[in-house]
Amino acid sequence: MTQNQIVKLVDSYAAANAQAKIAAEAADAAKSKLLALGDGSYLGTAHKVVVSTSIPVRFDSASFREQHPALWEEFKRQGDPVTSARIHGR
């Protein structure tokens, strides 16, 4: 890939990322308004949104690690590699 193609690719990625942030902010604002309506089913012209409340159950790994360090070490495993691309202003 030429340097000119890389520059265009980086600029394209940065522009698309900026648009995605704007879209995410708009979606978050609409979601907040829907959540404020409370639990229920809300119909649009082509979509339906169901708002429901639940209480998740989570494993407290910090407490487990503190109370059972040997077991923590035994069951700890390395995760899969993750590749990321971050945008930095120049």
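This one's a predicted model, so the numbers in the text were calculated from it and none came from an experiment.

What follows is about the overall build of the chain. Helix and strand counts for the chain come out as three helices and two strands. In terms of overall dimensions, the chain is more spread out than a globule: its C-alpha atoms have a radius of gyration of 22 Å, far above the 12 Å expected for 90 residues. Seen through its C-alpha atoms, the chain measures out along the principal axes to roughly 55 × 45 × 25 Å. When the 90 residues of the chain are sorted by exposure, 1% land in the buried category. Carbon and sulfur atoms form 57% of the exposed surface of the chain, whose accessible area is close to 8,700 Å². Counting 11 positive and 9 negative side-chain charges, the chain places the averaged centre of each group 9 Å from the other.

Right, let's talk about the pairing of strand β1 (residues 40-43) for a bit. With four bridges connecting them, β1 and strand β2 (residues 48-51) associate as antiparallel partners. Within β2, the position partnered with G40 by the bridge is V51. Here β1 hands over to β2 after four residues, the two strands then running antiparallel side by side.

To continue, consider the packing of aromatic side chains. Under the criterion given, the structure shown has one aromatic pair. Both rings, one in F59 and one in F64, keep their centres 5.4 Å apart while their planes meet at 55 degrees; by these two values the pair is tilted. According to the relative accessible area criterion, F64 is partly exposed, its value standing at 23%.

Further remarks concern the pattern of salt bridges. Under the defined criterion, the tally for this structure stands at one salt bridge. A salt bridge links K76 to E73, with the nearest nitrogen and oxygen atoms 3.2 Å apart. For E73, a relative accessible area of 48% corresponds to the partly exposed category.

Before going further, it helps to examine a nonpolar patch on the surface. Taken together, the side chains of M1, I6, L9 and V10 define a hydrophobic patch exposed on the protein surface, amounting to about 410 Å² of accessible area. Of note, M1 is situated in the segment before α1 (3-36). The exposure class of M1 is exposed, given its relative accessible area of 72%.

The next thing to look at is α1. Helix length check: α1 (34 residues) gives 49 Å between terminal C-alpha atoms against 50 Å at 1.5 Å per residue, within 8%. Once α1 finishes, G38 follows within two positions and takes phi at roughly 95 degrees, a positive value.

Below, the discussion takes up the environment of S84. With respect to the element layout, S84 can be found in the segment after α3 (69-75). Exposure remark for S84: the relative accessible area of 54% places this residue in the exposed category. Between the C-alpha atom of S84 and that of I22, which follows or precedes it by 62 residues, the distance is 21 Å.

Quick notes on the rules
Residues numbered from 1 in each chain as written. Predicted model: local features only at pLDDT ≥ 70, side-chain atom pairs only at ≥ 80, totals over all residues. Heavy atoms only, no water. Helix = DSSP H or I, 4+ residues; strand = E, 2+ residues; numbered from the N terminus. Rg over C-alpha atoms; globule rule 2.2 N^0.38 Å. Buried < 20%, exposed > 50% of the residue type's maximum accessible area, 1.4 Å probe, protein only. Areas by Shrake-Rupley, 256 points an atom, 1.4 Å probe, with all protein chains shown as cover. Lys, Arg positive; Asp, Glu negative; His and termini not counted. Charge placed at Lys NZ, Arg CZ, Asp CG, Glu CD. Pairing = 2+ DSSP bridges. Phe/Tyr/Trp six-rings, centres within 6.5 Å; stacked < 30°, edge-to-face > 60°. Salt bridge = Lys/Arg side-chain N within 4 Å of Asp/Glu carboxyl O. Patch = residues over 30% accessible without salt bridge, like charges linked within 9 Å, V, L, I, M, F, W, Y side chains within 5 Å. Expected span 1.5 Å × (residues − 1).

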